[in-house]
Amino acid sequence: MTTAYRFSFGPWNIHTGADPFGPEVRPAIAFGRKVKLCRELGFQAMQFHDDDAVPEPEKKTPAQLEKAAVEVRKILEAEGLAAEFVAPRLWENPLGIDGGYTANDPAVRHWAIERSKKAIDIARGLGTKLMVLWLAREGTYIRESKNALDSHKYLLAAINAMLEYDKEIEIAIEPKPNEPTDHAYIPTIGHALALASQAADPSRVGGLIETAHALLAGLDPSDEMAFALSLGKLWSVHLNDQNGLKFDEDKSFGMANLRAAYNQVRILELAGYAESGRYIGLDVKALRTQKAGADLRHLTNSRQLFLALVEKVRTFDRKLEQQCVADRDYEALEMAVIAHLMGLK
Ligand code: XUL
Ligand code: MN
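None of these values were measured; they are calculated from a predicted model. (Residues numbered from 1 in each chain as written. Chains lettered and ligands numbered in written order. Predicted model: local features only at pLDDT ≥ 70, side-chain atom pairs only at ≥ 80, totals over all residues. Heavy atoms only, no water.)

A. Representation of unusual backbone geometry within the structure. Cis geometry marks the peptide bond from Glu-179 to Pro-180, where omega comes out at 10 degrees. Along the chain, the position of Pro-180 falls in the loop between β6 (170-174) and β7 (183-184). The backbone of Glu-56 sits at a positive phi, close to 50 degrees, despite the residue not being glycine. In this structure Glu-56 comes out as partly exposed when scored by relative accessible area, which is 46%. With phi around 60 degrees, Ile-186 is a residue other than glycine that occupies positive phi space. For Ile-186, the location among the structural elements is in the loop between β7 and α6 (189-197). (Helix = DSSP H or I, 4+ residues; strand = E, 2+ residues; numbered from the N terminus. Buried < 20%, exposed > 50% of the residue type's maximum accessible area, 1.4 Å probe, protein only.)

Below, the structure is given as structure tokens:
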């Protein structure tokens, strides 16, 4: 088993099982315990929404935010952990009901940028330079309700305001095509990196690709990753899985489509992602049916499967691959991949 990869997850990936149709089914686990579990389960970093780290950021000054975040950093460091990134959580605040950066109300757009600056203050305290933008409600349910031409300008303005506020931070856009909105702006990594190229400092804007989000856009996650990797822009991943076009399931990595999981690992291996020092983030959720005490398997299973697939990629017969490609015998190549995954001789 390789140890070169570094893993992360967020506090929201250990949760009570509440969903839109029912309440909590497992007791909440305190943040301090989650940090300990993070290390015990073999992870090296935690991911944060701004208010995962510091509650009610709007009520605090930059100095207070940074100070509070430094305290969280100490809790992490006591376990040998780092903070991977901070994401401004605009979508849970009533102000952001119709989006933040792309809201029709200029006062809301202003709030969204100010809140994002507060997330940057928190990132400073936590000791990370990486900000993640999941553009949750930046889209529409009713197409005519916003002017999409303006929306894209507003998104760029928000990104530029963040880059201007702190000259060190880097922004990874996490594209997703839908949910909670009907249609989200910036649905794919192509959109994200096109927007990045127009930013005031394009070198500080990249992407984070989540398996399920790419699948919801009808795209192959490994090709989405390859596109970003080829441009040096894959700054994190949210590996998970997704059983077709339905709600964002956040299934354990590889559990719906093992072959697609293998190909995601293959592309990360081909690109030398482990050596880049970037993390393998697992944005997975325990099934609601899991009992308390058995509600961490989604994290351990995903990590274990990832590492097993790294071995599969590394032990695939390269000569056979080259021969199949040279012969243009892709049927043979495909069977060799499946046989390798299944352990057939
Ligand atoms: C939503 C999602 C978020 C982001 C972080 O689908 O994936 O958890 O990863 O804000
Ligand atoms: Mn995610």
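B. Broad picture of the coordination of the manganese ion (ligand 2). In the first shell of the manganese ion (ligand 2), the protein supplies Glu-174 (OE), Glu-210 (OE), His-238 (ND1) and Asp-283 (OD), at 2.0 to 2.2 Å from the metal. Geometry at the manganese ion (ligand 2) is octahedral, judged from the 6 donor atoms that bind it and their angles of 78 to 170 degrees at the metal. Along the chain, the residues that donate to the manganese ion (ligand 2) are spaced as E-x35-E-x27-H-x44-D. Of this pair, Glu-174 sits in strand β6 while Asp-283 sits in the loop between β10 (279-282) and α10 (297-315), and the two are 109 residues apart along the sequence. With respect to burial, Glu-174 and Asp-283 carry one shared label: buried. (Donors = N, O, S within 2.8 Å, 3.2 Å for Na, K, Ca; no water. Tetrahedral: all angles 85-135°; square planar, octahedral: opposite > 155°, others 65-115°.)

C. Quick look at helix α9 (residues 258-270). An ideal rise of 1.5 Å per residue puts 18 Å on 13 residues; α9 measures up with 18 Å between its terminal C-alpha atoms. Taking the backbone nitrogen of Arg-259 as reference, a side-chain oxygen 3.2 Å away marks Asn-257 as the first, capping residue of α9. (Expected span 1.5 Å × (residues − 1). Polar contact = N/O pair within 3.5 Å; in protein donor to acceptor, adjacent residues only side chain to side chain.)

D. Geometry of the site of ligand 1. As a matter of local geometry, ligand 1 sits amid Trp-12, His-49, Trp-91, Trp-134, Glu-174, Lys-176, Glu-210, His-213, His-238, Asp-248 and Asp-283. In this structure, an oxygen atom belonging to ligand 1 sits 3.0 Å away from a side-chain N or O atom of Lys-176. Contact between ligand 1 and His-238: an oxygen atom at 3.0 Å from a side-chain N or O atom of the residue. Considered on its own, ligand 1 offers 290 Å² of accessible surface; in the complex 92% of this is hidden by protein. (Near = heavy atom within 4 Å. Areas by Shrake-Rupley, 256 points an atom, 1.4 Å probe, with all protein chains shown as cover.)

Remember that the coordinates give geometry; whether it matters functionally is a separate question.
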